[in-house]
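Examining the three-dimensional arrangement
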Amino acid sequence: MLKKTSKSKLKVRYAETDQMGVVYHGNYAQYFEVARIEWLDKIGISYKKMEENGIMLPVVSLSTKFIKSALFDDVLTITTRIKKMPTAKIEFEYDIHNHNGELLTQGETVLVFISMESKRPVKCPNNVIELIKNYKGIEE
């Protein structure tokens, strides 16, 4: 596994929960997105600039394993890492822990580099590969 890891913090808002104070399952995709964008930012990759340069990164696969509920007002730590160097796709893994360090959720997303002009998959841009190679991340 590639050690290109970052951690993000997120506090569960009331609107993200049901009447029992449990996070609605559909919100985890947004949590993954927040952590993924922060991971890209930490490496020096601007999602906005990538789009300005004609590359989109749509999610083509999402899986989530629910272990324990996240609750209203929990402070979550989302650990994000890539599985391997990207090709035409980039694969992320996520672990979500609560403020007590308990593992709540694990997830994976696969995104594909798409040319905005042709709407077809393209190889990961070389500058993105270089930024990933040079990113030390955090040690797990």
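Going by the structure above, here's the rest.
So, a few notes on the structure that sits alongside this text.

Parameters and conventions
Residues numbered from 1 in each chain as written. Predicted model: local features only at pLDDT ≥ 70, side-chain atom pairs only at ≥ 80, totals over all residues. Heavy atoms only, no water. Helix = DSSP H or I, 4+ residues; strand = E, 2+ residues; numbered from the N terminus. Buried < 20%, exposed > 50% of the residue type's maximum accessible area, 1.4 Å probe, protein only. Contact = heavy atoms within 4.5 Å. Salt bridge = Lys/Arg side-chain N within 4 Å of Asp/Glu carboxyl O. Core = buried A, V, L, I, M, F, W, Y, C linked by side-chain atoms within 4.5 Å. Phe/Tyr/Trp six-rings, centres within 6.5 Å; stacked < 30°, edge-to-face > 60°. Polar contact = N/O pair within 3.5 Å; in protein donor to acceptor, adjacent residues only side chain to side chain.

Moving on to the environment of Ser 115. Topologically, Ser 115 is positioned in strand E7 (residues 114-115). Classification of Ser 115 by relative accessible area gives buried; the value is 13%. Between the C-alpha atoms of Ser 115 and Asn 53, which are 62 residues apart in sequence, the distance is 9.2 Å. Every residue in contact with Ser 115, bar those within four places of it in the chain, is listed here: Gly 54, Arg 120 and Val 122.

Here we come to the pattern of salt bridges. Taken as a whole and judged by the stated rule, the model has 10 salt bridges. Here Glu 93 ties to Arg 81 by a salt bridge, and the two come within 3.3 Å at their closest N and O atoms. Residue Glu 93 is found in strand E5 (residues 89-97), and its partner Arg 81 is found in strand E4 (residues 75-82); the two are separated by 12 residues along the sequence. Between Arg 81 and Asp 95 there is a salt bridge, with the nearest N and O atoms lying 2.8 Å from each other.

This part covers the nonpolar core. In terms of nonpolar packing, the biggest core is built from 30 residues, with Tyr 31, Trp 39, Leu 76, Ile 90 and Ile 132 touching the most fellow members. The set of elements that each furnish at least two residues to this core consists of helix H1 (28-43), E4, E5, strand E6 (103-112) and helix H3 (126-134). Among the elements that line this core, the one with the most residues is H1, at seven residues. Contacts of Leu 76, omitting those with residues within four sequence positions, involve Ser 8, Lys 9, Leu 10, Val 12, Tyr 31, Ala 70, Ile 96, His 97, Asn 98 and Leu 104.

Per the counting criterion, the structure on display carries seven aromatic pairs. Seen from their ring centres, Tyr 28 and Tyr 31 are 5.5 Å apart, and the 70° between their planes marks the pair as edge-to-face. Residue Tyr 28 and its partner Tyr 31 are located together in helix H1, separated by three residues, close to a single helical turn. Among the residues examined, Tyr 28 registers a relative accessible area of 3% and is labelled buried. Aromatic ring contacts, followed pair by pair, group Phe 32, Trp 39, Phe 92, Tyr 94 and Tyr 135 into a single cluster.

Moving on, we come to the environment of Asp 73. You can see Asp 73 is positioned in the loop between strand E3 (59-66) and E4. Looking at Asp 73, the relative accessible area reads 40%, which means it is partly exposed. Residues Asp 73 and Val 59 lie 14 residues apart in sequence; the distance between their C-alpha atoms is 28 Å. Not counting chain neighbours up to four residues away, the residues in contact with Asp 73 comprise Lys 11 and Val 12. At 3.2 Å, the side chain of Asp 73 forms a polar contact with the side chain of Lys 11.

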